[in-house]
Amino acid sequence: MAIDVDKLAYRYEELRSERTNWESTWRECAELFNPGRYRDDTETNAHRIPLVNPKLVSSKGILAMRSMASGMQGGMASPVRPWFRLVAKGDPQFIPDGVNAWLDRVTQVMTAVLHQSNFYNATHTLYSDIGTFGTGLLVETANEDGIYFHLVRCGEYVLDINGNDEVDTFFRRLYMTPRQILDRWESAPDLPDFIKRSRERKVMTTERYDVIHAVFPRTDFKPAKRLTAESKPFASVYYLPGGSSGHGTGKACILEEGGFDMFPAFAPRWDVSGSDVYGRSPAMDVLPDCKMLQAMTTTLRKTQHKIADPPLVADQSLRATGVKLIPGGLSFFDSTRTGTTPVAPIHQPEAAALQTVMTAIQEVEQNIDDGLYVDLFRLMLEDQRSRITATEINAKERERIVMLGPVVERLHKELFDPVIRRTFALMQEWGAMPTPPEGVDALDVDVSFESALAQAQRQVTTSNIEAGFAFIGQAAAAVPEILDIVDTDAMGRAYLDRINMPSSVIREESAVEEIREQRAQAAAQQQQMETMNQGVNQLVDATKAMENMSNTNISGQNALEALTGGLGNVL
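Keep in mind the model is a prediction, meaning the values are calculated, not measured.

Caption draft 1: Local environment of the packing of aromatic side chains. Here the structure, examined in full by the defined rule, presents 14 aromatic pairs. Aromatic side chains phenylalanine 119 and tyrosine 120 sit 5.0 Å apart centroid to centroid with 80° between the ring planes, which places their arrangement in the edge-to-face category. Three or more aromatic residues link up through ring pairs in this structure, and these residues are Trp83, Phe84, Phe119, Tyr120, Phe149, Phe416 and Phe449. The lysine or arginine in question, arginine 173, covers the ring of tyrosine 175, its NZ or CZ lying 4.2 Å from the ring centre. The aromatic ring of tyrosine 238 is capped on one face by arginine 184, whose charged end is 4.9 Å from the ring centroid.

Caption draft 2: Focus on the confidence of the model for the protein chain. With 78% of its residues at a pLDDT of 70 or more, the protein chain shows a mean pLDDT of 81. Note on residues 244-249: pLDDT under 50 across the span, and 10 contacts to partners over four residues away in sequence or across chains. Scored below 50 in pLDDT, residues 567-571 shows zero contacts in the model against residues more than four places distant or in partner chains.

Caption draft 3: Local environment of the sheet that holds strand S5 (residues 167-176). Taken in spatial order, the five strands line up as S4-S5-S6-S7-S8 in an open sheet, and their pairing is antiparallel. Edge strands, defined here as strands with exactly one partner in the open sheet, are strand S4 (157-161) and strand S8 (253-260). Direction aside, the axes of adjacent strands within the sheet are offset by 15° on average. Where strand S6 (residues 209-217) lies against strand S7 (residues 234-240), six bridges are found, and the strand directions are antiparallel. Paired with alanine 214 across the two strands is valine 237, which belongs to S7. The strands that helix H6 (residues 178-185) touches are S5, S6, S7 and S8; relative to S5, the one it contacts most, it runs at about 125°.

Caption draft 4: Representation of the pairing of S8 in the model. Burial runs high along S8: six of the eight residues are buried. As paired elements, S7 and S8 share seven bridges and run antiparallel to each other. When the bridges of S8 are listed, phenylalanine 234 appears paired with phenylalanine 260.

Caption draft 5: Quick look at the sheet that holds strand S9 (residues 265-266). Spatially, three strands are ordered S3-S2-S9 in an open sheet, and the strand pairing comes out antiparallel. Because the sheet does not close on itself, it has two edges, and the strands there are strand S3 (146-152) and S9. As paired strands, strand S2 (residues 137-143) and S3 are joined by seven bridges and run antiparallel to one another. When the bridges of S3 are listed, glutamate 140 appears paired with phenylalanine 149.

Caption draft 6: Fine view of the layout of surface pockets. The computed volume of the largest pocket comes to approximately 910 Å³. For the largest pocket, the lining is made up of 33 residues, of which Thr141, His150, Arg172, His213 and Tyr238 are closest to its centre. Elements that contribute at least two residues to the lining of the largest pocket include exactly S2, S3, S5, S7, S8 and helix H13 (398-429).

Caption draft 7: Focus on helix H4 (residues 99-116). Compared with an ideal rise of 1.5 Å per residue, which puts 18 residues at 26 Å, H4 spans 26 Å between its outermost C-alpha atoms and is within 8% of the ideal. For H4, the set of buried residues is Val99, Asn100, Trp102, Leu103, Asp104, Val106, Thr107, Val109, Met110, Val113 and Leu114.

Caption draft 8: How the structure looks around the side chain of arginine 172. Within the secondary structure, arginine 172 sits in strand S5. One buried charge, arginine 172, has no salt-bridge partner; the nearest side chain with opposite charge is glutamate 156, at 7.6 Å. Those residues in contact with arginine 172 that lie beyond four places of it in its chain are His150, Val152, Glu156, Tyr157, Val211, Ile212, His213 and Tyr238.

Caption draft 9: Quick peek at the nonpolar core. The biggest cluster of nonpolar side chains holds 110 residues, and the ones touching the most others in it are Trp83, Tyr239 and Phe416. Take this core: its biggest share by element is 11 residues, from H13. Ignoring sequence-local partners within four residues, the contact set of tryptophan 83 consists of Met76, Ala77, Ser78, Leu114, Phe119, Tyr120, Phe416, Ile420, Ser448, Phe449, Glu450 and Ser451. Counting 15 residues, the second-largest nonpolar core is a separate cluster that includes Met176, Phe194, Leu240 and Leu255.

Caption draft 10: Quick peek at unusual backbone geometry. In the Ramachandran plot, aspartate 165 falls in the positive-phi region, its phi being about 60° despite a non-glycine side chain. With respect to the element layout, aspartate 165 can be found in the loop between S4 and S5. Taking the relative accessible area as the measure of exposure, aspartate 165 reaches 36% and is therefore partly exposed.

Caption draft 11: Representation of helix H9 (residues 287-308). Counted at 1.5 Å a residue, the expected span for H9 with its 22 residues is 32 Å, and the 32 Å between its end C-alpha atoms agrees. Taken as a whole, H9 has its buried residues at Leu287, Asp289, Cys290, Leu293, Gln294, Met296, Thr297, Leu300 and Thr303. Here the buried face of H9 lies against helix H2 (20-33), helix H3 (60-76), helix H8 (282-285) and helix H10 (351-371).

Caption draft 12: Structural context of the pairing of S6. Across the nine residues of S6, eight count as buried, placing the element largely inside the fold. Pairing between S5 and S6: seven bridges, direction antiparallel. In the strand pairing of S6, arginine 172 is matched with histidine 213.

Caption draft 13: Summary view of the environment of serine 281. Looking at where serine 281 falls in the secondary structure, it is placed in the loop between S9 and H8. Accessibility expressed as a relative area gives 2% for serine 281, which makes it buried. Remark: the alpha-carbon pair of serine 281 and phenylalanine 133, spanning 148 residues in sequence, is separated by 5.6 Å.

Caption draft 14: Region of interest: the pattern of salt bridges. Enumeration according to the criterion identifies 22 salt bridges in this entry. Between arginine 16 and aspartate 41 there is a salt bridge, and its shortest N-O distance comes to 3.3 Å. Separated by 25 residues along the polypeptide, arginine 16 in helix H1 (residues 5-18) and aspartate 41 in the loop between H2 and H3 bring together distant segments of the chain. Accessibility expressed as a relative area gives 17% for arginine 16, which makes it buried. Note that arginine 422 is salt-bridged to glutamate 140, the shortest N-O span being 3.9 Å. Of the two residues, arginine 422 is situated in helix H13 and glutamate 140 in strand S2; the sequence distance between them amounts to 282 residues. Since its relative accessible area comes to 6%, arginine 422 is described here as buried. Looking at glutamate 140, the relative accessible area reads 0%, which means it is buried.

Criteria and thresholds
- Residues numbered from 1 in each chain as written.
- Predicted model: local features only at pLDDT ≥ 70, side-chain atom pairs only at ≥ 80, totals over all residues.
- Heavy atoms only, no water.
- Phe/Tyr/Trp six-rings, centres within 6.5 Å; stacked < 30°, edge-to-face > 60°.
- Lys NZ or Arg CZ within 6 Å of the ring centre and 35° of its normal.
- pLDDT = per-residue confidence, 0-100.
- Contact = heavy atoms within 4.5 Å.
- Pairing = 2+ DSSP bridges.
- Helix = DSSP H or I, 4+ residues; strand = E, 2+ residues; numbered from the N terminus.
- Axes fitted to C-alpha atoms, helices over the stretch in contact; angles between N-to-C directions.
- Buried < 20%, exposed > 50% of the residue type's maximum accessible area, 1.4 Å probe, protein only.
- 1 Å grid on protein atoms, 1.4 Å probe; cavity = no way out; pocket = protein on both sides within 12 Å on 5 of 7 lines; lining within 4 Å.
- Points joined across faces, edges and corners; volume = space filled by probe spheres on them.
- Expected span 1.5 Å × (residues − 1).
- Lys, Arg positive; Asp, Glu negative; His and termini not counted.
- Salt bridge = Lys/Arg side-chain N within 4 Å of Asp/Glu carboxyl O.
- Core = buried A, V, L, I, M, F, W, Y, C linked by side-chain atoms within 4.5 Å.

Rendered as structure tokens:
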């Protein structure tokens, strides 16, 4: 079924209307925390506006957001350390041999693919978007050259959610010149004539036009044997909107229609209230503090300026000659006039007032740092402790990590897990996957995260296992039967799983059973050999005893003859 572009354009305008309440807050947060990352999609000169806020007098909000973004990258998905691995879901005894080793190999290949792409550069900026606006939008595409991630700026997109409160629809605005449009869609059948004729001009115009990219689930999707781009589960449509776009007919027209097997975008949110489409951010929580800081910093600078260069009052007699206040300046006045000061400050703040303002500013700055978790991330990024472990973080910053726990879980669900699953599917589609062993087709793959923050979240459970094992070990010295209540194999595997031990170094249950069976057989053979040796030793001892008896002389007879003779008399 063909896409109705007019209905699509109407839906876009509806979603823009729903987003209106957020726009003023986003704009304020961008000015104080993340200049340049907000673009109003109604602005026709958005590509020419300044990238910084000239009204800023304190960069504290920007620097704190930068620290938070760097800390999120180091704690969630660091490019210099493993942060995820693929594991087989289900009962380990039913997982075919070699699958875990293959999944470890796939993890290594996928890590290399992400390094070769712009994933880490894009996500670093995405963290600042989430921290500033509460929501971010990242689109993943692939071709023969590899995987690429498109980061869309706040204000240039609208989102919609399904019945499970999951983002499954986005529209984004591409503000493009005629040359850019022709480079991609010159052969589009409905391309307006005025765009086509732009190549005939001596100089191509730099005027820009709205191009809307819409991705949404198809309501009329029906699986087919031959799945074309136009009949995939998610539609992908580029179109020129009518009227305001400026093309001659005034009607909307489709430039390209395609599709995706999986939703190609990731819209992680910091915190969501109810069924809201867009999320709240920590920058919104400290926005009043950052506004106050701008006013307080302005007052501080004025006070400092007055102390260093106070307003002056001069004697009326100096009006004609003036006063040179530059270093080394020489001025003349009538020394016969007494009781007057030629030049004196008219208002000079006291140093105590300056200290009061500076103390108040430090308190406000600390509030901003607390709201953006700067102290926690600073601990993780400290140069002299670059090898800090999750255990150390958990011991020193447990309360802050617990507070950050819901954010970590939401990012796993809305960003990292979908990224890994889509990248996995794209690698299969483009033939970049290692050769799988038998039994992989029916395998359900899960993602396990082993970043610093993910490990810190699991440290609580590992400490429980350690405490339980220590208690059982101590109690077993007095009551050995207490060991019967603990499944040591399950305990060991649970502990190794929580510390993210690679599956390739953990033996399969079948291999463990085989080793134990071999050990039991070896022990049985050893016992049998010992029993046989004991019997042989007893036989040798008996033989020696008989020999000794035969060689013993008792009154002309040896002991054996005497014994047999005696036996003969008895018989």
